[in-house]
Structures are given as C-alpha cells and as structure tokens.
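Structure at a glance
Chain by chain, the residues:
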Amino acid sequence: MEKAIPGHQARSVEALCWAAGERLFGAGLSGDITEYDLERLRPARAVDGFGGPIWSMAANSDGTRLAIGCEDGSVKLFQVVPGGVQFEKNLDRQKGRVLCLSWHPSGTHLAAGSINFIRVLDVRSGRTAQRIMVNYHVPKSKKRECVVWSIAFLSSGTVISSDSFGRVQFWDWERGTLQDSHTVSTSAVLSLAVSEEEDSIVVGTSAGATYQFQLLPVKAGGQEKRWVRTKPFQHHTHDVRAVVHTPTALISGGLDAQLVIRPLMEKVQKKGYDAVLRKFTFPHRRLVSCARKARLLLFQFSQHLELWRLGSTNKTGKDGEVLPVSRMPEHLLQLKSKGPEHIYCSCVSPCGSWIAYSTASRFHLYRVQHEGDSISVKKVPGVPKLLLPAYQLQCASDSGRLFVASDRGSVHVVQLLEPGGCKHLHTLRPPTGTQEAVYLLASSADGNWLAAVSGDWEVHIYSLKHFKHHCTVPTYSCAVTALAIHPATNNLFISYSDQQLFEFSIPEKQYTAWSRVVQNSGLHKLWLERDSPITHIAFNPKNTSQILLHDVYMLCVLDKSLPLPDNNTLLVNQSTLKQLSEPARRRQLHAFKICKKFQPLLFADLLDEPCLVTVERP
C-alpha cells in the first residue's frame, strides 16, 4: 500500500474514479463529490451534488466530465475544471436511486442501472433514449425486485449488466433487447469490469467468487462470436465489491480486506512474479504500538483507542509448548475520539506514560499515570496547533520527546514535560523541499538521529543534537515499507516494496559492507516473490547481528553473521527444518530463519525483557 486517506464517520465512499489525469474523486451517502489531495492525504474540496445520497459516479473516457447517480433518481453531469468540479446539467430523472453508471466510449450516451430497469441517456439532449426492464423474461409468479448492481457500456453498443439474481446479461441498447444471459451464481453479482480490447470481462459476487467471460468465435475461424464464461475463481470469503481488468491480470477486492491479483497466463510472456497468484491483506499501516518497558499495547480503532497490559507466565517449557498464564491480560483504558473523523495515527510512549493520537483536524496528547493497579488519564492542555496534520507519531526511546510526521516533508519535535505538558522544540524539513507528507519515522535509541520517509520515497536523516539535516539515503525506485535504526551501530535498516533490504550507516553516510554484499549477490528469488511487504523491523538486544522482520504471513529472524542463501538453497520455514536430521539442518543453515505458524500478523515486536509479543488479525 502506497498511501492511505483517513475516513470520516459521515463520509461513506460509495464510488471512486480518476479524472483529468491523476485527480481522484469520491462520492457517497453524504451527497457530496469530494476531490482528494494525494500529497496531503485528505479531502481537498467538496461540492454538493444536490440529489441526496450519491450511489454511483463515472468519468468519461477523456476525464473531462463526471456523471453521478443519486438517491432521488437523477443523473447529473459535472465538468472537471482546475480547482474542482462545476455543475453542467441534469439528465432525465427516474423513480428510484441510480446504483451504477457507465459512459459509452464516445461520450454521447450514458447507461444507468437501478432497481428493475436500465436506462440509456442521450448526453446532449438529456433525455432517455432507451428503457430496458431487466426482469421482463422472469415469469410473473417468480418476479421479485431485481437490483442492477453494475453496468458497462461497450463501443459496439452492447450494455452489460450484473444483478441481484446472480445474472450477467448482454443487451442491445438501441433495440432494448436481450442478446445473452448467464446465471453465474445464486447470490448477487456486485461488480463488473471490461478489458481495454472489450473482449473479456470479470465479475465479482457476494459469495466471494469471481468469474471471467471471454468473447470467443462460435466456430473455429468463424466471424460470429459469443460471450462464454471461461474461468471461475474463489479467492475471497465475502462480497467482492470491486474488480479491475488489466491487460495481464484480473484484480478483485472484497469485504475480507484482501486484494487478489490473478494473472491471465495466456497474456504473461514468461514465468516469474507476474505469473503468480498474489494476495494482499490489509491494513499495511501500523494500528498497534507497544510500550516495551511497561509491557503495554495500544490498539487503534476507527474512533477509539484501547490500552492493554500484557499477561505473563512464570513457567518455562519446550519449543512450541503453550504455557499457562499466571497473570491475565488486562484492559486498562479506552479513549474515545470526539467528532466524526477517524483516527489516523497513534502511539504510546515506551514507559507507558504518554498517549498521542491525531485525526485530520485534531491532535490529542494524554498523560497516563499508573498507581498500583489503578490508572488515571489527563489531557495535556495547550498542544501546539502547528502539529496538524499528523500522519505518523513516534516517541523517543527515553519517552522524553514526541516526533510528529507532517505534510511537505516536515517533522515536528515536541518535548514531553512532567507532570503533564509539552513544548514544541523544532520543525525538521528536508533541504530540497517536497509537497509529499511524511509517512514513516524511525528514531535512534541514543536520541541522536531521526529518519523520515516522505511520499516521494526519499529517506532523510536528521541530527537531533543540532536539529539539522544530516544526509539523504540514495533514492531507490520503490516505496519504503519499514525502517528502523540499530541501537548499537546506528545503522538504518530499510525494507522496500519490492522486498529488497538495505543497511545504511548513518555516521558514515553510506551503505554498509553487508548491504553491498546483499546487492551484489542478490536475495533469494522466493524472498523477492513474496506478496506481503515487511511492515515492522526490530533488533535482538542480546545479539547485534540478528534483525527481526515481519510481514502479514511470516516472522523472520535475519542473522547477518550467517551466509545468504542462493537460489539453489531451500528457503524453508522453521517447522520444516525441525523435521530434518542434524547434519541436514547444518547444510541448510543460512541467514533467514522463517516462521509461518501465525494467523495474519498485525504487529510483532521485542519487549525490553527477552520476550516477543505478536498480535494476530482475527
């Protein structure tokens, strides 16, 4: 995941589309058309659609016009202009909400789907050119309300619809007649996308299945073609609400928070990463933070935070054994965010005495006092307003400073004062300037260094002693997914979205010798072909050569003192290694020790004592 824009309780998103190049627009039940600022990661401006809740939105082929489908049955056109959108005209109004829209590639007509009907609208006159009843062929005894969930308008004049009856239907819009119908599921078909050549479509259902249809000749070498269902896939557990058809793959997203990329093998030129089924589980953002010294975990939800004390055991056991708990985990605190905005970032200090969180327009800082088994919370007054917007928060290892990642590449440094106050010390800015927000931070254990990553993928390192820019890590062609500074060496360890790993010496302003060896010899091909990015990096305090990495599916201990595996070596996980004999294990010994026994991992980190805490996604 490259960027995330925080949500809003009153701003549901029912439709998204790109227009005028790289401008992103959204619409939903609030009735507004919202344009998003992709640099500051927030709504830039909003315009009322004046039709009640908006259920659908589509841009024409050149991105100069937006059409919206509203609760009151109206379809409205807006021109995309510099600085926003401008109302152009109303098209014919119907009875009932407009659930889906699609432009004809020429831009002269619009197809609109609702309950029981499809309408084709003439854009120039604004009038209905054709009205199609989608359940006309259903016997009266079996007739019930049919919801047209998705629609596509082909250049040939064919309108494709998917509906709540589980059907994918093909219509001749000029005659208003049904050309073909396929019942693909007993559940609703919710989403639909067409390939650029218009010879293939993909649909997603409420049962978690996706299907591909292809336009194929009826006879070999013949001119007559028909739509044929060719490939069914079951990669989701819940509703598939969005599908995309690229030249080489089918992409689907569902309510199970998974993005699945299914390659079209006939379109892939050679075997490799592009020919592999890929699943991406969200979120990739940090939603859990740990107070290592106090053994506390802070969980971030959309509109509240929860603080928990970890349980403990006084027993020891063998590898893989589940130990009895002598002290149960304890729910200490719940902080509710006021207002409709979702919480974007949060953190708890290592000592557990400070909690900070931010929404799009508010920044909150709390002093937490622990007295025996009781806990009290006091809001810190006079927090500087310049801390907004905040995209990432991190406390220094001594809990004396708070680092606030902000827009335009800036990082605010705030001193945390006893018994409960704060003071703005400095704002760090990159020397070259940037319009992008900072989305990742890493501070050194000695309090001397801070690394910040902005949306342009540049990694800047600052001296916290002198509050000035120290150096910039050489720019790489992929996004940074995680970074951390080694407490003993002050080497910055960086993972990128293409699974490459780099180690950069902050004092020497250059890559380390180990990092150069990695880049010269290369990482194992199975490591590079992983789907899930590294989301957290930690270090073993008792072994300076060991680095803890984790993504959603695996936990890895990288031992720099051991040789790197080549592509002929098995990159196996620990459970497989245990089944081998001792001599075979020695032959397989290399730098990567991988464990895959967890459910999808939200968080993993080492506590100050020799203990690893992991949080699994339910």
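An unreviewed UniProt entry lists the protein chain under the name UTP4 small subunit processome component, with Chrysolophus pictus given as the organism.

**Considering the overall build of the protein chain**
Secondary structure assignment for the protein chain yields four helices and 50 strands. A compact globule built from 618 residues would reach a C-alpha radius of gyration of about 25 Å, and the protein chain, at 28 Å, matches this within 12%. On the principal axes, the C-alpha backbone points of the protein chain span a range of 75 × 65 × 50 Å. Taken over 618 residues, the protein chain has a buried fraction of 51%. Separation of charge centres in the protein chain, based on 70 positive and 55 negative side chains, amounts to 3 Å.

**Details of the sheet that holds strand S16 (residues 177–183)**
In space, the four strands of this open sheet follow the order S13-S14-S15-S16, with antiparallel pairing throughout. Edge positions in the sheet fall to strand S13 (148–153) and S16, since each has one partner strand and no second. Shown here is a sheet whose adjacent strand axes are inclined to one another by a mean of 20°, direction ignored. Alignment of S13 against strand S14 (residues 158–163), held across five bridges, turns out to be antiparallel. Following the sheet pairing, Ala152 is matched in S14 by Ile160.

**What to know about empty space enclosed by the protein**
Regions of empty space are outlined by a rolling probe, equal in size to a water molecule, passed over the atoms. One pass over the structure, following the stated rule, counts five cavities of 30 Å³ or more. What the largest cavity holds in volume is close to 60 Å³. Forming the boundary of the largest cavity are Pro6, Arg40, Leu41, Arg42, Tyr344, Thr359, Ala360, Pro389, Ala390 and Tyr391. Counted by class, the lining of the largest cavity contains seven nonpolar, one polar and two charged residues. Here the second largest cavity is characterised by a volume of approximately 50 Å³. Along its surface, the second largest cavity is lined by Val202, Thr210, Phe233, His235, Leu250, Ile251, Ser252, Val260 and Arg262. Of all the elements in the fold, those that place two or more residues in the lining of the second largest cavity are strand S22 (249–254) and strand S23 (258–263). The greatest single-element share of the lining of the second largest cavity, amounting to three residues, is contributed by S22. The class makeup of the residues in the lining of the second largest cavity is five nonpolar, three polar and one charged.

**Brief notes about the layout of surface pockets**
Space inside the second largest pocket adds up to approximately 1800 Å³. Lining the second largest pocket are 46 residues; nearest its centre among them are Lys597, Phe598, Leu612, Val613 and Thr614. The set of elements that each furnish at least two residues to the lining of the second largest pocket consists of strand S26 (296–300), strand S27 (304–309), strand S46 (546–550), strand S47 (555–559), helix H3 (574–578), strand S48 (592–595) and strand S50 (612–616). Tallied by class, residues from the lining of the second largest pocket come to 24 nonpolar, ten polar and twelve charged.

**Quick look at the side chain of Gln169**
In this structure, Gln169 sits in strand S15 (residues 167–172). Among the polar contacts made by the side chain of Gln169, one reaches the side chain of Ser181 at a distance of 3.3 Å. With residues near it in sequence (within four places) discarded, Gln169 still touches Val134, Val159, Ile160, Ser161, Asp163, Leu178, Asp180 and Ser181.

**Quick notes on the pattern of salt bridges**
Applying the stated rule across the entire model yields 15 salt bridges. A salt bridge links Glu35 to Arg23; the nearest nitrogen and oxygen atoms lie 2.8 Å apart. Of this pair, Glu35 sits in strand S3 (residues 32–37) while Arg23 sits in strand S2 (residues 23–27), and the two are twelve residues apart along the sequence. What makes Arg23 buried here is its relative accessible area of 18%.

**Remarks on the pairing of S16**
Pairing between S15 and S16: six bridges, direction antiparallel. Paired with Gln169 across the two strands is Ser181, which belongs to S16. What sits between S15 and S16 in their antiparallel hairpin is a turn of four residues, with Gly176 showing a positive phi close to 75°.

**Some details on the packing of aromatic side chains**
Enumeration over the complete set of coordinates arrives at 13 aromatic pairs. For the ring pair Phe78 and Phe87, a centre distance of 5.5 Å and an interplane angle of 75° mean the geometry is edge-to-face. When the centroid spacing of 4.5 Å and the interplanar angle of 55° are considered together, the rings of Tyr476 and Tyr496 count as tilted. One end of the pair, Tyr476, is in the loop between strand S40 (468–473) and strand S41 (480–485); the other, Tyr496, is in strand S42 (residues 491–496), with 20 residues separating them in the sequence. Here a set of aromatic residues connected by ring pairs shows up, and it is made of Tyr476, Tyr496, Phe502, Phe504 and Tyr511. The residue whose ring lies beneath Arg530 is Trp527, and the NZ or CZ to ring-centre distance is 4.1 Å.

**Considering the state of the cysteines**
Overall, the coordinates contain zero disulfides when judged by the stated rule. With no disulfide of its own, Cys146 has Cys100 as its nearest cysteine by sulfur position, at a separation of 11 Å. On the accessibility criterion, Cys146 (0% relative accessible area) is buried.

**Some remarks on the sheet that holds strand S1 (residues 15–19)**
Spatially, the four strands line up as an open sheet ordered S1-S2-S3-S4, and their pairing is antiparallel. The open sheet is flanked by S1 and strand S4 (42–48), the only strands paired with a single partner. Adjacent strand axes in the sheet meet at a mean angle of 25° when their direction is disregarded. In this structure, S1 lies alongside S2, joined through five bridges in antiparallel fashion. Counted as the bridge partner of Ala15 is Ala27 from S2.

About the criteria used
- Residues numbered from 1 in each chain as written.
- Predicted model: local features only at pLDDT ≥ 70, side-chain atom pairs only at ≥ 80, totals over all residues.
- Heavy atoms only, no water.
- Helix = DSSP H or I, 4+ residues; strand = E, 2+ residues; numbered from the N terminus.
- Rg over C-alpha atoms; globule rule 2.2 N^0.38 Å.
- Buried < 20%, exposed > 50% of the residue type's maximum accessible area, 1.4 Å probe, protein only.
- Lys, Arg positive; Asp, Glu negative; His and termini not counted.
- Charge placed at Lys NZ, Arg CZ, Asp CG, Glu CD.
- Pairing = 2+ DSSP bridges.
- Axes fitted to C-alpha atoms, helices over the stretch in contact; angles between N-to-C directions.
- 1 Å grid on protein atoms, 1.4 Å probe; cavity = no way out; pocket = protein on both sides within 12 Å on 5 of 7 lines; lining within 4 Å.
- Points joined across faces, edges and corners; volume = space filled by probe spheres on them.
- Nonpolar A, V, L, I, M, F, W, Y, C, P; charged D, E, K, R; others polar.
- Polar contact = N/O pair within 3.5 Å; in protein donor to acceptor, adjacent residues only side chain to side chain.
- Contact = heavy atoms within 4.5 Å.
- Salt bridge = Lys/Arg side-chain N within 4 Å of Asp/Glu carboxyl O.
- Phe/Tyr/Trp six-rings, centres within 6.5 Å; stacked < 30°, edge-to-face > 60°.
- Lys NZ or Arg CZ within 6 Å of the ring centre and 35° of its normal.
- Disulfide = S-S within 2.5 Å.

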